[in-house]
Structure formats: C-alpha cells, structure tokens
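Coordinate analysis (summary)
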Amino acid sequence: MDAKDIIATRVAKEFKNGDYVNLGIGIPTLVVNYLPAGVSVIMQSENGFIGLGPTPEAGKEDKDVVNAGGNPVTMIPGAASFDSAFSFGIIRGGHISATVLGALEVDEEGNLANWIIPGKMVPGMGGAMDLVVGARRVILAMEHTAKGRPKILPACTLPLTAAKEVDMIVTELAVFEYRPRLTLTELAPGVTVEQVKEATSAAFAVAENVKTMPL
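These remarks concern the structure in this document. None of the values given here were measured: they were computed from a predicted structure. (Residues numbered from 1 in each chain as written. Predicted model: local features only at pLDDT ≥ 70, side-chain atom pairs only at ≥ 80, totals over all residues. Heavy atoms only, no water.)

Thoughts on the side chain of Lys151
Residue position: Lys151 is located in the loop between β10 (149-150) and β11 (152-153). In this structure the side chain of Lys151 is engaged in a polar contact, spanning 2.9 Å, whose partner is the backbone oxygen of Ala103. Residues within four places of Lys151 in sequence aside, it is in contact with Ala103, Leu104, Glu105, Val106, Met142, Glu143, His144, Thr145 and Ala146. (Helix = DSSP H or I, 4+ residues; strand = E, 2+ residues; numbered from the N terminus. Polar contact = N/O pair within 3.5 Å; in protein donor to acceptor, adjacent residues only side chain to side chain. Contact = heavy atoms within 4.5 Å.)

Here you go:
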C-alpha cells in the first residue's frame, strides 16, 4: 500500500457500528473504502447529504453525487440529501461522532492549521472550523511530512483552523494521541521510534507499550 492507503486503512479501524462520521477533502475521503467488514458507519458530507458509500467504479460516476471536495461518491440505501443550513445544523449541534481531516500543520498542543497558506489562493475555509469544534472527536489523516519538511511541529506557523481540538493523528509512519500530551501509540510495520523522531519536529512522549499499526 502507498502512504495514503496506509493512513486511510488505519483510520477506518477507529469506528464502530452506528457512528456518524464526516470525511474531509483529500486522504480522508479514502476512508470509506476501507471500513472493516461488518462495521456499519454513516458518513456525512457537509455539502449536504448523509449516507456516503464507496467511490464509484470508473464510468459509473453521477455528476450530481459528489462529496465536499467535488469528487464522485455513491450513496447507500436510506441516504438523504439536504441544504447546507441543515447540514451545518447537524455539525454544530454535536451530532457527528468524529471528523477526519487533513492538515497543513498540527502541533504539540493539538492546534490545527489546514485552511490557508498566506499569499496563496484559497477557495474558502470550507467546513473545517465548524467540524473541529462540533464533532465529538477530531482525527487527522495526513502524510507525515511535506516535501521532507515535518508537519507535526512544536507550534503551528500558519493561521489556525482551531486551537487544542485534535484528538488523534494518523500518518503513514505512526499514530499519535493527546493523553493530554502528544503521545506516540503505534508504529507502522517496519518503522522505528527513531525514524518517527527524525521526521517530527514536535516533542512527544512514547507510550509504554507501542503497538504495531493494524492494517
């Protein structure tokens, strides 16, 4: 598996039957393709529907059924669509069990920056600012570095999306949780703690019993 598939596969194992989950743009959208057999999770998209299914087969896309990133998706039986006001009522009302988001930067305090790089074009902040404070759990699904530069930092340098709201970080190298300190809890197969330290500029604790990431 490549890095993105490793991340999505691991994140998909975080959910249980009956969870309502929002998937952000990018790697998070892949999670729906890796849900374990027998686990029934209801996926919500902030652009106005609930009940996302797997990515459609090539040639079977419906241009009117897309996720928040504009990518084709499917809808499971019983899915429903609605306007943005209703969608954000669900999010702001605390009805989402977890949100899975990408990140430009995250830091030791659980601060998240994922919506803008100053000086660069941005289409809008999307729903991230509402999701990170409305969802009961915030999981970041992201590659560990960007062009060799760490993304897990002592302190974010970009404008924040939210302060101290992140609960878990999943990368292709490792899993971190805030307990409340940033703590390494799992390593990808074949990855060492030393390799993670080399790719991470943030200080972090190492759990007593670091597990191997289940894939």
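Picking up where we left off.
Concerning the nonpolar core
Core analysis: the largest hydrophobic core is formed by 59 residues, its most contacted members being Val11, Phe15, Val100, Leu140, Ile169, Phe176 and Val196. It is helix α1 (residues 3-12) that provides the largest number of residues to this core, a total of five residues. With sequence-adjacent residues up to four places away left out, Ile169 is seen in contact with Val106, Leu140, Met142, Ile152, Ala174, Val175, Phe176, Tyr178 and Leu182. (Core = buried A, V, L, I, M, F, W, Y, C linked by side-chain atoms within 4.5 Å. Buried < 20%, exposed > 50% of the residue type's maximum accessible area, 1.4 Å probe, protein only.)

Considering the pattern of salt bridges
Using the criterion set out here, one finds eight salt bridges in the structure. In this structure, Asp19 and Lys16 form a salt bridge, with 3.2 Å as the shortest nitrogen-oxygen distance. Residue classification places Asp19 among the buried positions, given a relative accessible area of 9%. Assessed through its relative accessible area of 55%, Lys16 is described here as exposed. For Glu57, the salt bridge goes to Lys60, with nearest N and O atoms at 3.5 Å. The burial state of Glu57 is the same as that of Lys60; both residues are exposed. Here the salt bridges share partners, and the residues they tie into one network are Arg10, Glu14, Arg137 and Glu186. (Salt bridge = Lys/Arg side-chain N within 4 Å of Asp/Glu carboxyl O.)

Overview of unusual backbone geometry
Among all residues save glycine, negative phi is the norm, and among peptide bonds the norm is trans. That bond from Arg179 to Pro180 is cis: its omega, -5°, falls within 30 degrees of zero. Residue placement: Pro180 occurs in the loop between β13 (174-178) and β14 (182-187). Its identity as a non-glycine residue notwithstanding, Lys147 has a phi of 55°, on the positive side. When you line up the elements, Lys147 lands in the loop between β9 (145-146) and β10. Look at Lys164: it is not a glycine, yet its phi comes out positive at around 55°. Here Lys164 lies in the loop between β11 and β12 (168-170).

Some words on the layout of surface pockets
By volume, the second largest pocket is sized at about 280 Å³. As for the second largest pocket, its lining consists of Leu104, Glu105, Ile117, Lys120, Ala146, Lys147, Arg149, Pro150, Lys151, Leu153 and Leu158. When grouped by side-chain class, the residues that make up the lining of the second largest pocket number six nonpolar, no polar and five charged. (1 Å grid on protein atoms, 1.4 Å probe; cavity = no way out; pocket = protein on both sides within 12 Å on 5 of 7 lines; lining within 4 Å. Points joined across faces, edges and corners; volume = space filled by probe spheres on them. Nonpolar A, V, L, I, M, F, W, Y, C, P; charged D, E, K, R; others polar.)

Remarks on the pairing of strand β8 (residues 138-141)
The side-chain alternation of β8 yields two buried faces, one formed by Val138 and Leu140 and the other by Ile139 and Ala141. As paired strands, β8 and β12 are joined by three bridges and run parallel to one another. Paired with Ala141 across the two strands is Val170, which belongs to β12. (Pairing = 2+ DSSP bridges.)

Quick notes on the packing of aromatic side chains
Counted by the stated rule, this structure contains two aromatic pairs. Ring geometry for Phe82 against Phe86: centres 4.9 Å apart, planes inclined by 45°, an arrangement best described as tilted. Measuring from ring centre to ring centre gives 5.2 Å for Phe176 and Phe204, while their planes differ by 80°; the resulting arrangement is edge-to-face. A residue pair is termed long-range when its members are at least 10 positions apart, and Phe176 in strand β13 and Phe204 in the loop between α4 (193-198) and β15 (205-212) qualify at 28 residues. (Phe/Tyr/Trp six-rings, centres within 6.5 Å; stacked < 30°, edge-to-face > 60°.)

Some points on the side chain of Ser87
Relative to the elements of secondary structure, Ser87 occurs in helix α2 (residues 84-92). In terms of polar contacts, Ser87 uses its side chain to reach the backbone carbonyl oxygen of Glu46, at 3.0 Å. For Ser87, the residues in contact, after removing those within four places along its chain, are Gln44, Ser45, Glu46, Asn47, Gly48 and Phe82.

What about the sheet that holds β14?
Taken in spatial order, the ten strands of this open sheet run β4-β3-β2-β1-β5-β8-β12-β13-β14-β15, and their pairing is mixed. Each edge of the open sheet is held by one strand with a lone partner, namely β4 (74-81) and β15. Direction aside, the axes of adjacent strands within the sheet are offset by 25° on average. In the sheet, strand β5 (residues 98-101) pairs with β8 via three bridges, with the strands oriented parallel. When the bridges of β8 are listed, Val100 appears paired with Ile139. (Axes fitted to C-alpha atoms, helices over the stretch in contact; angles between N-to-C directions.)

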